[in-house]
Structure formats: C-alpha cells, structure tokens
Amino acid sequence: MKKSSFSTKVGLIMAAAGGAVGLGNIWKFPYIAGENGGGAFLLVYLLCVLLFGLPLLVMEFMIGKRSGKSTYGAFRALSGTNRWQWMSWLCMLTAMVIMGFYFVVTGWCFNYLVEALVNAFSGLDSSALTEHFSVVSTNKPRMIAFTVLPVLLTAAVLWFDVNKGIERLSKILMPLLLLMMLLMAGRVLMLDGSNLGMQFFFQFDCAKLTSHVVMEAMGQCFFSLSIGLGALITYGAYMPKGQNIPAASLQVLVLDTLVAILAGVIIFPAVFAFGVNPEQGPQLVFVVLPAVLQQMSFAWLSSVLFFGLLCIAALTSTISLMEVAVAFVQEATADTRHPLSRRQSVSLVAALVLVLIMLCIFFPAMFDVSDQLTAGFTMPLTALCMAVFVGWGLPKRGEGSVLLHTKGTRRRAGQVFLFFLRWIIPLIILLVFLNGLGVLKF
Ligand code: PFF
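Starting afresh in each chain, residues are numbered from 1 along the sequence in its written order. Only residues with pLDDT of at least 70 are given local features in this predicted model, and only at 80 or more are side-chain atom pairs given and counted; all residues enter the totals for whole chains, interfaces and linings. Hydrogens and water molecules were not included; the side-chain quantities draw on all heavy atoms of the structure.

A. Quick peek at the overall build of the protein. Across its full length, the protein holds 18 helices and zero strands. Here the C-alpha radius of gyration of the protein, 21 Å, is about what a compact globule of 442 residues would show, namely 22 Å. For the protein, the spread of C-alpha atoms along the three principal axes comes to 65 × 50 × 40 Å. Within the span of the protein, comprising 442 residues, buried residues form 58% of the whole. Throughout, a residue-residue contact means that at least one pair of heavy atoms, one from each residue, lies within 4.5 Å. Taking the contacts inside the protein whose residues are at least 6 apart along the sequence as the reference set, 83% of them involve residues at least 24 apart. Residue exposure ignores everything except the shown protein chains as possible cover, and the areas themselves are Shrake-Rupley values with a 1.4 Å probe. For the protein, the computed accessible surface area is about 17500 Å², with 68% contributed by carbon and sulfur atoms. Seen as two clouds, the 28 positive and the 18 negative side-chain charges of the protein have centres 18 Å apart. Counting from the N terminus, the helices are the DSSP runs of H or I reaching at least four residues and the strands are the DSSP runs of E reaching at least two. For the radius of gyration, the atom set is restricted to C-alpha positions; the globular benchmark scales as 2.2 Å times the number of residues to the power 0.38. For every residue, the accessible area obtained with a 1.4 Å probe (protein chains only) is divided by the maximum for its type, and the residue is called buried under 20%, exposed over 50%, and partly exposed between those limits. Positive charges come from Lys and Arg, negative ones from Asp and Glu, while His and the chain ends are left out of the count. The location of each charge is read from NZ of Lys, CZ of Arg, CG of Asp or CD of Glu.

This is the structure in structure tokens:
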C-alpha cells in the first residue's frame, strides 16, 4: 500500500496540531464552558489536559509509529492476536459519528464566511444575530449546500493526496489564526463590562463544580486533543524517522490549549459586554463572534479573514478525521479479494459521511446524540482501553515501556508514562464514568 508520509518533522507537528485545533477549540469549548460554570469548567479541563494529555498523545503516536499501521492493523500488529480488534472498530465508528455533526458545524462556518464576504452582519445586534443563526441552522437546503462543500473539499485533499500542500499552508495559516484571535481578544477587553466575562471565565466557584461538569470537561479534553479514536495512530504511522514524539506531543497539547483559552478570552468578555446569555449552547459563538468582529477596525476585512481562517482550521480537522476512516477501509480490505484503492476508499467514506450528515440535518436530536456519544463516551472509553492495551495487554512484560521508550524520553520517563497508562488514566476515567452514571457519588 502506498503511504504518504510527512515531509518534515515540523510538517507532522503542524498536521497533528492542525487536526487538533479546530471547531472543538473555537466553537465547542466556549459554549460548553458557558453551560458549565466558566471557571469551574476551565479548571477541571486544564487538570484533564495535564493528567491525560501527554501520556495519551505519546501513546497513540507510538502505537502508530511502532506498528506502521492505521487503527485497523495497529493493535493486531503489536499484540500478535485478534483479541483487541474490536478497538479498531470503535475508533472507526467514533470517527464516522463525529464527522456526521462536525461537518454540519463546518457548514455553518462556510455559510458565515460567505455572509462575511457580502457584509451581511453589518448593523446587526446580538438579538438579530440570534435570529439569524436560527435561520442558518434550520434552513435545510441551505445547510445541505454549505455542508456538502467541505465534504467535497476534504475528500479532494485525500483523493489527490495533497496533504503536503496542506502542511505547508498550515505553517502560515495557524500562526495567522493565533494572531487574529489575539487582536480580537485585545479589542474585546476594551469593551465596557468585559471584566465580568474575565471573572466568569477565570474565577473558580466551588459551588458550580458538579459531576456533570467533570464529565463534560473530560469529554472536551479528549475531543479537543483528538485522543481516543486513533487519529494520532494514523499520523504516527506516517511519521518521519527521528521524530521526537514527546516534544511533538507537548507542542500539540500547548497549542491546542492556548487556542481554547484564547477563544474563551474573546467570547466571555464579549458575552457580558453585549448582554447575551453564556448558556445558550451551540449557537453561542455564532451570535457573539460576528458582533465582536463588527467592533474591529476594518470590520469587513477582519470578518472575512477570521471566518476564512476558521473554515481552514475546521478543514484541517475534517481531513484528519476522514483520514482515520480512509486508512481503516484501505487496510481492512487490503488482504481481501476486493482490496479498495485509496480513491475508492475516499469515495466510500465520503458517501457514508454524507448519509450521516443528512441524518444530523433532518433529525437534530441525532446531532446532540452524536456529540454526547463520542466525546462523552466512546472517546474516553477507547482511550481507557488503549491505555490498558499498552499498559497491560502487550505480550511481553515491560513491552509497554519499550513502546514508550523513544527518542526524547529516557527509560525513566517511559516508565512514568507507563505508570500513568496502567493506573492513573484507567482509574480516573472509570471513576468519572461511575460517578456520571450515579453508581458512585462524590
Ligand atoms: N480536535 C478537533 C477539534 O478540536 O476541533 C476535532 C477532532 C479532529 C476530533 C480529529 C477527533 C479527530 F480525530
């Protein structure tokens, strides 16, 4: 099978960071933080990133690198048995279900980009913007048109294998997105009442800390870092020789967390300055961001630039999601009588994704269920199982630490990672699950 690989070490970091930084940071993080008590959510989120982030990122990259396979073949290649094969299917299922709703939100972003181009937000206040979002998110033909577009673009990137071009593009566009967000944060902090938003986002209020907040923060951590569905296994398989995996993982983690915090620093001060409700859910950023952009100097240019960059950030994530499924299909059919080529696999996956998208558009409950099922359940569960696989399941004792022993980690560091994978991560995920189900009460 022909494998594309990353041209440079920086290329891999950019591609992995591009996959991680996306709508999860700019759309989902602020609205979930808004619904879950601001500062309380932020604190638990950061704890989750610290506890889970690094060991799980390193683990997924290493599974991919050592096996040289995507999610379909990796567990079998490393363990020598079929016993863990169901994990591959769980990864594939998660990637497909996420794509169903992620593309719908990407479609909203494309819709807003086109409207920014024709200056449609000029003069609209937050209540008009709320009304506007409900039109955008209920007009089915319009939603279909704007959602099919990113599916085709994503499929085209994978079809023509132009990932390298995307890598190069990300190197310029990601810092530009960060810069744009910094400028927006600077503008928002000058608005009257913005300090209330900063308090909401940064002040930890113990009374707001519930088991629901902990569940949501944990799910968001997995979703935002793209952990728990093999996206990084797939990238790990394409990794160039000599990559320092812990350093790469740390860079992805820091960048991803910075963008999420920056999104909060833009949204919450603006929420309080404009007097909108921080608990309004998925529409939050689509109501607040156009209003913020209208306050910037060069409002038209700022809006076009921001929504353009947001669409690209979303696309680099959909590319990594679709790559998980495409690599799976290609590898799964490789030894059968009908092996599928890369292009056939891309077509099959894109067709299935379109069906899932239609379900999310025509049955809005499916949209919510997909989000909760993946971030709230299958991603933490798969991460738990992968941690058990590496920590306990590999055939030879200590194999896990060999797996984690890589350039950039000394043996000691490998053992610390292994301790996390064996004990800390499974125990915490299990406790949070049991607590969320009401079996245990803290
Ligand atoms: N991490 C992406 C985001 O925050 O937008 C979403 C995502 C991309 C999840 C790729 C999973 C994945 F494999």
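Now, onward.
B. Geometry of the packing of helix H2 (residues 23-35) against helix H12 (residues 245-274). All axes are obtained by fitting lines to C-alpha atoms, using only the stretch in contact for helices, and the reported angles, taken between N-to-C directions, cover 0 to 180 degrees. The N-to-C vectors of H2 and H12 enclose an angle of 60 degrees; their axes lie 9 Å apart at closest approach. When the interaxial angle is binned, H2 and H12 end up oblique. For H2 against H12, the interelement crossing comes out right-handed. Contacts from Asn25, Ile26, Phe29, Pro30, Ala33 and Gly34 in H2 reach Asp256, Val259, Ala260, Ala263, Ile267 and Phe268 in H12. Of the residues contributing to the contact of H2 with H12, the split by class is nine nonpolar, two polar and one charged. Small angles under 35 degrees read as roughly parallel and large ones over 145 as roughly antiparallel, with 65 to 115 read as roughly perpendicular and the rest as oblique. Note on convention: near helix rotated counterclockwise from far helix by under a right angle means a left-handed crossing. Clockwise means right-handed. Classes in brief: Ala, Val, Leu, Ile, Met, Phe, Trp, Tyr, Cys and Pro nonpolar; Asp, Glu, Lys and Arg charged; the others, Gly included, polar.

C. Spotlight on helix H13 (residues 284-294). The element H13 is largely enclosed, with a buried count of 10 among its 11 residues. For H13, the full list of buried residues reads Leu284, Val285, Phe286, Val287, Val288, Leu289, Pro290, Ala291, Val292 and Leu293.

D. Examining the packing of aromatic side chains more closely. Only the six-membered ring of Trp is used, alongside the rings of Phe and Tyr, when aromatic pairs are assigned; centres must lie within 6.5 Å, and planes under 30 degrees apart are stacked while those over 60 apart are edge-to-face, with the rest tilted. Under the counting rule described, the total for this entry stands at 29 aromatic pairs. Centre to centre, the rings of Phe306 and Phe307 are 5.5 Å apart; their planes meet at 75 degrees, and the pair counts as edge-to-face. Using a relative accessible area of 1% as the deciding quantity, one classes Phe307 as buried. Above the ring of Phe223, the side-chain terminus of Lys28 is found at 4.2 Å from the ring centroid. Lysine NZ or arginine CZ positioned within 6 Å of the ring centre and within 35 degrees of the ring normal marks a charge as sitting over the ring. The ring of Trp392 carries Arg422 above its face, with NZ or CZ at 4.5 Å from the centroid.

E. Region of interest: helix H1 (residues 9-20). For a helix, the expected span equals 1.5 Å multiplied by the residue count minus one. With 12 residues, H1 should cover 16 Å at 1.5 Å per step; its first-to-last C-alpha distance of 17 Å lies within 8% of that length. Of all 12 residues in H1, 10 are buried, a share of seventy percent or more. Buried within H1 are the following residues: Gly11, Leu12, Ile13, Met14, Ala15, Ala16, Ala17, Gly18, Gly19 and Ala20.

F. Expanded view of the site of the ligand. What makes a residue near a molecule or strand is one non-hydrogen atom of that residue sitting within 4 Å of it. In the vicinity of the ligand there are 15 residues, among which Ala20, Gly24, Tyr102, Phe223 and Ser224 approach most closely. Take Leu23: an N or O atom from its main chain is 3.1 Å from an oxygen atom of the ligand. A distance of 2.8 Å is found between a nitrogen atom of the ligand and a backbone nitrogen or oxygen belonging to Phe223. In isolation the ligand has 340 Å² of accessible area, and contact with the protein removes 100% of it. Among the secondary structure elements, those contributing two or more residues to the shell around the ligand are H1, H2, helix H10 (211-225) and helix H14 (299-334). Distance and chemistry together define a polar contact, namely a pair of N or O atoms within 3.5 Å, with one atom able to donate a hydrogen and the other to accept it when in protein, and with adjacent residues in sequence counting only for side-chain atoms on both sides.

G. Main features of the pattern of salt bridges. The term salt bridge refers to a pairing of a side-chain nitrogen on Lys or Arg with a carboxyl oxygen on Asp or Glu at a separation within 4 Å. On inspection of all chains with the given rule, the structure shows three salt bridges. A salt bridge links Lys28 to Asp371; the nearest nitrogen and oxygen atoms lie 2.9 Å apart. Remark: Asp371 occurs in helix H16 (residues 364-393) and Lys28 occurs in helix H2; sequence separation between them is 343 residues. The burial state of Lys28 is the same as that of Asp371; both residues are buried. A salt bridge links Arg142 to Glu115; the shortest N-O distance between them is 2.5 Å. Of the two residues, Arg142 is situated in helix H7 (residues 140-159) and Glu115 in helix H5 (residues 85-117); the sequence distance between them amounts to 27 residues. A relative accessible area of 23% places Arg142 in the partly exposed class.

H. Representation of unusual backbone geometry in the model. Non-glycine residue Asn119 carries a positive phi angle of around 60 degrees. Its location among the elements puts Asn119 in the loop between H5 and helix H6 (126-136). In the Ramachandran plot, Ser226 falls in the positive-phi region, its phi being about 60 degrees despite a non-glycine side chain. Among the secondary structure elements, Ser226 is positioned in the loop between H10 and helix H11 (231-237).

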